[in-house]
Amino acid sequence: KAAKKAAKEAKFAAKKAAQEAQQQKQAADGAAKPAAPKEAPPVEDPAALATAYVNPTPAGELKAMSGPMAQKYLPHEVEASWNAWWEASGYYRGNSDPADTRPKFSICLPPPNVTGSLHLGHALTVAVQDLLARWKRMSGYNVLWIPGTDHAGIATQVVVEKKLKKERGLTRHDLGREEFLKTVFEWKEAYGQRITMQLRRLGCSLDWSREVFTMDEQRAASVKAAFLRFHKEGLIYRDVRLTNWCCILRSGISDIEVEYEDLEAPKRLSVPGHPKDRTYVFGRIWSFAYKVDGSDEEIVVATTRPETMLGDVAVAVHPDDPRYKQLHGKQLVHPFVARKIKLILDPVLVDMSFGTGAVKVTPAHDPNDFACGRRHGLDEITVFTEEGKMADNCGMFAGMMRFDARVELLAELKRRGLHRGEADNKMRLGVCQRTGDIIEPMLKPQW
């Protein structure tokens, strides 16, 4: 018995030793090989889920609620059908019946641009307006919340023009005004419904039976009636004013559509509408001389836009500047066009402590010069075409793109011995937000 017990214990001890050895080996192998990372559970794409979802409730009908509740909140399933049913049931409609004695409450949706999509700012606005509209309905009011979209002027024009160029190789000028407007309206009908879909998706309680567009017939008639009334009352009038002109759009744009680039040092830039393989320097100031008519004397002026000198009609000096007292009443000779340049006295425009104390005056292409020209009754000579070429009145530079003309004009000034130097000059460069074109101040009729 003792021998059997000893053998049994020895066998058990050997088995245990083997197990321990195996565990040690596995531990050593585990330390040598890092554990494989656990696979992360797949992430659900909410957009893909919403796109794939098929709503079982027919459009405009009350949502079927008989099915089992989902295990988790799925917005696209929970929100489906409700807005379509609310709209079809007429809950959003304002009542224009004179017999309706309920107090009235109405809001107009600030019309979003028809070319775009709603963003967070729109969502905030409509959330507040929807809250007010629903609260007033619950309080017994006859509520009207009017939806609509804005024609978005230049933004729409740019989108349609690009499409026109890509598909048919045409510009709006090739089509003409009426045909281009027709094309814009066709585009609006085909592609302008995204915003109204988004507003419905948000559940906005708008009266869609009264949806408007800022260029539809009724709105256009209202605009014309108001315009004529204001004109007859003398509240609006037409005059020529400087605009922010974009040569690519061939249109004036608002101040808020102009972006500015601050140049701390000279910089070469490509310019839309010019040869793609060329760049032009900005952030420099050039000096050149105007000869006094009938004399060897000269007056030196400086400019960051030398091509505009083709529209110069005067040089202004301060009436108290002793350097130019002997030249009061004289005229200067323009080197490139058959035009004499007046020497005028203007203490508003001229700071005689800055530079030479003489300022070239181009009323048609600079805001300060425009004001000076109006004070002195100077001619306003436009030297650029709407496309950004030099106009027919620019002599040897006529027909050149404006910045190509700059290069040629500076070279010609040097050839004629009238160039007086150049230097770095910090400046703010106005650029069209939509096209990247360099903004050109241009005189256009304005209301």
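Residues numbered from 1 in each chain as written. Predicted model: local features only at pLDDT ≥ 70, side-chain atom pairs only at ≥ 80, totals over all residues. Heavy atoms only, no water.

Undergrad: Any chance you could explain the overall build of the protein chain here in plain terms?
TA: A tally of regular secondary structure across the protein chain gives 12 helices and 18 strands. Since a compact globule built from 447 residues should have a radius of gyration of about 22 Å, the 37 Å found for the protein chain marks it as more spread out than a globular shape. Dimensions along the principal axes, computed over C-alpha positions, put the protein chain at roughly 145 × 85 × 45 Å. Across the 447 residues of the protein chain, 35% fall into the buried class. A total of about 27,300 Å² of accessible surface is found on the protein chain, and carbon and sulfur atoms cover 56% of it. The centroid of the 65 positive side-chain charges in the protein chain is displaced by 8 Å from the centroid of its 58 negative side-chain charges. (Helix = DSSP H or I, 4+ residues; strand = E, 2+ residues; numbered from the N terminus. Rg over C-alpha atoms; globule rule 2.2 N^0.38 Å. Buried < 20%, exposed > 50% of the residue type's maximum accessible area, 1.4 Å probe, protein only. Areas by Shrake-Rupley, 256 points an atom, 1.4 Å probe, with all protein chains shown as cover. Lys, Arg positive; Asp, Glu negative; His and termini not counted. Charge placed at Lys NZ, Arg CZ, Asp CG, Glu CD.)

Undergrad: Could you clarify how one ought to interpret the state of the cysteines in this entry?
TA: Where two cysteines share a covalent bond between their sulfur atoms, that bond is called a disulfide. Scanning all chains against the criterion turns up 0 disulfides. Distance from the sulfur of Cys246, which forms no disulfide, to the nearest cysteine sulfur (Cys432) is 3.8 Å. (Disulfide = S-S within 2.5 Å.)

Undergrad: Can you help me understand a nonpolar patch on the surface in this one?
TA: On the surface, Leu124, Val128, Leu131, Leu132 and Trp135 cluster together into a nonpolar patch covering about 510 Å² of accessible area. Along the chain, Leu131 falls in helix H5 (residues 120-138). (Patch = residues over 30% accessible without salt bridge, like charges linked within 9 Å, V, L, I, M, F, W, Y side chains within 5 Å. Salt bridge = Lys/Arg side-chain N within 4 Å of Asp/Glu carboxyl O.)

Undergrad: Whenever I open this one, H5 confuses me. Can you help?
TA: With 19 residues, H5 extends 27 Å from end C-alpha to end C-alpha; this agrees with the ideal 27 Å at 1.5 Å per step. Residues of H5 that are buried include every one of Val126, Gln129, Asp130, Ala133 and Lys136, and no others. Along the axis of H5, the buried positions cluster into a sector of 130°, meaning they face one direction only. Opposite the packed face of H5, turned more than 90 degrees from it, sit the exposed residues Leu120, Leu124, Leu131 and Met138. (Expected span 1.5 Å × (residues − 1). Arc of directions from axis to C-beta.)

Undergrad: Where do I start with the confidence of the model for the protein chain in this structure?
TA: Residues shown with low pLDDT carry predicted positions that ought not to be read at fine detail. Averaged over the protein chain, the pLDDT score is 91; the fraction of residues at 70 or greater is 97%. Put simply, helix H1 (residues 2-32) is where the protein chain has its lowest mean pLDDT, 75, and helix H12 (residues 402-415) is where it has its highest, 98. (pLDDT = per-residue confidence, 0-100.)

Undergrad: When you look at the packing of aromatic side chains in this model, what are you seeing that I'm missing?
TA: Aromatic ring pairs are reported here in terms of the distance separating the ring centres and the angle at which the planes meet. Going through the model one piece at a time under the given rule, you end up with 9 aromatic pairs. Relative to Phe397, the ring of Phe336 has its centre 5.2 Å away and its plane inclined at 85°; by these criteria the two rings are edge-to-face. Remark: Phe397 occurs in the loop between helix H11 (367-376) and H12 and Phe336 occurs in the loop between strand S13 (331-333) and strand S14 (340-345); sequence separation between them is 61 residues. For the pair Phe336 and Phe397, a shared accessibility class is recorded, and that class is buried. Taken together, Trp82, Trp85, Trp86 and Tyr91 form an aromatic cluster joined through their ring pairs. The aromatic ring of Trp245 is capped on one face by Lys444, whose charged end is 4.7 Å from the ring centroid. (Phe/Tyr/Trp six-rings, centres within 6.5 Å; stacked < 30°, edge-to-face > 60°. Lys NZ or Arg CZ within 6 Å of the ring centre and 35° of its normal.)

Undergrad: So what exactly am I meant to see when it comes to helix H10 (residues 217-232) here?
TA: Since the α-helix advances by 3.6 residues per turn, residues separated by three or four positions end up pointing in the same direction. Under the 1.5 Å per step criterion, the end-to-end length of H10 is 23 Å for 16 residues, consistent within 8% with the ideal 22 Å. Positioned one or two residues after H10, Gly234 has a phi angle of 75°, which is positive.

Undergrad: How should the pattern of salt bridges be read in this particular structure?
TA: Side chains that differ in sign of charge can pair as their charged atoms come close. Following the criterion strictly, the structure yields 34 salt bridges and no others. Measuring nitrogen to oxygen at the nearest pair gives 3.3 Å for the salt bridge that ties Lys426 to Glu264. Note that Lys426 is positioned in the loop between strand S16 (419-424) and strand S17 (427-432) and Glu264 in the loop between strand S7 (258-263) and strand S8 (267-269), a separation of 162 residues in sequence. Each member of the pair, Lys426 as well as Glu264, is classed as exposed. Linking Glu440 and Arg402 is a salt bridge whose minimum nitrogen-to-oxygen distance equals 2.6 Å. With a gap of 38 residues between them, Glu440 in strand S18 (residues 440-446) and Arg402 in helix H12 connect regions that are remote in the sequence. In terms of burial, Glu440 and Arg402 fall into one category: buried. Among the charged side chains, a network of salt bridges with common partners joins Asp239, Arg241, Arg374 and Glu380.

Undergrad: Hey, could you run me through the nonpolar core in this one?
TA: In a soluble, globular protein the nonpolar side chains are often hidden away together inside. Tyr290, Ile299, Leu310, Val315 and Val361 are the most contacted members of the largest nonpolar core, which totals 42 residues. Of all elements in the fold, only strand S10 (284-292), strand S11 (298-303), strand S12 (314-317), S14, strand S15 (358-361) and H12 reach the threshold of two or more residues within this core. Among the elements that take part in this core, S10 stands out by supplying 5 residues, more than any other. Look past the residues within four positions of Tyr290 in its chain and what remains in contact with it is Glu297, Glu298, Ile299, Val301, Met309, Asp312, Val315, Leu332, Val333, His334, Pro335 and Ile341. (Core = buried A, V, L, I, M, F, W, Y, C linked by side-chain atoms within 4.5 Å. Contact = heavy atoms within 4.5 Å.)

Undergrad: So what exactly am I meant to see when it comes to the sheet that holds S18 here?
TA: Strands belonging to one sheet form pairs held by backbone hydrogen bonds; the direction of such a pair is parallel or antiparallel. Taking strand neighbours across the sheet as the criterion, the 3 strands line up as S6-S5-S18 in an open arrangement whose pairing is antiparallel. Each having just a single partner strand, strand S6 (251-253) and S18 make up the two edges of the open sheet. The average angle at which neighbouring strand axes cross in this sheet is 65°, direction not considered. Along the sheet face, H11 touches strand S5 (239-246) and S18 and points at about 165° away from the line of S5. (Pairing = 2+ DSSP bridges. Axes fitted to C-alpha atoms, helices over the stretch in contact; angles between N-to-C directions.)

Undergrad: Help me understand the side chain of His419 in this model?
TA: Assignment of secondary structure puts His419 in strand S16. For His419, the side chain forms a polar contact with the main-chain nitrogen of Gly421, separated by 3.3 Å. With sequence-adjacent residues up to four places away left out, His419 is seen in contact with Trp286, Ser287, Phe288, Leu410, Leu413 and Lys414. (Polar contact = N/O pair within 3.5 Å; in protein donor to acceptor, adjacent residues only side chain to side chain.)

Undergrad: What am I meant to see in the pairing of S17 here?
TA: Successive side chains on a regular strand alternate, one facing one side of the sheet and the next facing the other. Taken across its 6 residues, S17 has 5 buried, putting it largely inside the fold. Where S7 meets S17, 6 bridges bridge the pair, whose relative direction is antiparallel. When the sheet's bridge partners are listed, Val258 is paired in S17 with Cys432.

Undergrad: Would you explain the environment of His151 in this entry?
TA: With respect to the helices and strands, the residue His151 is situated in the loop between strand S3 (148-149) and helix H6 (153-168). On the basis of relative accessible area, His151 is assigned to the partly exposed category, the value being 28%. Along the sequence, His151 and Thr196 sit 45 residues apart, while their C-alpha atoms lie 14 Å from each other. Look past the residues within four positions of His151 in its chain and what remains in contact with it is Val114, Thr156, Phe213, Thr214 and Met215. Within polar-contact distance, the side chain of His151 engages the side chain of Asp150 at 3.4 Å. A distance of 2.7 Å separates polar atoms of two side chains, one belonging to His151 and the other to Thr214.

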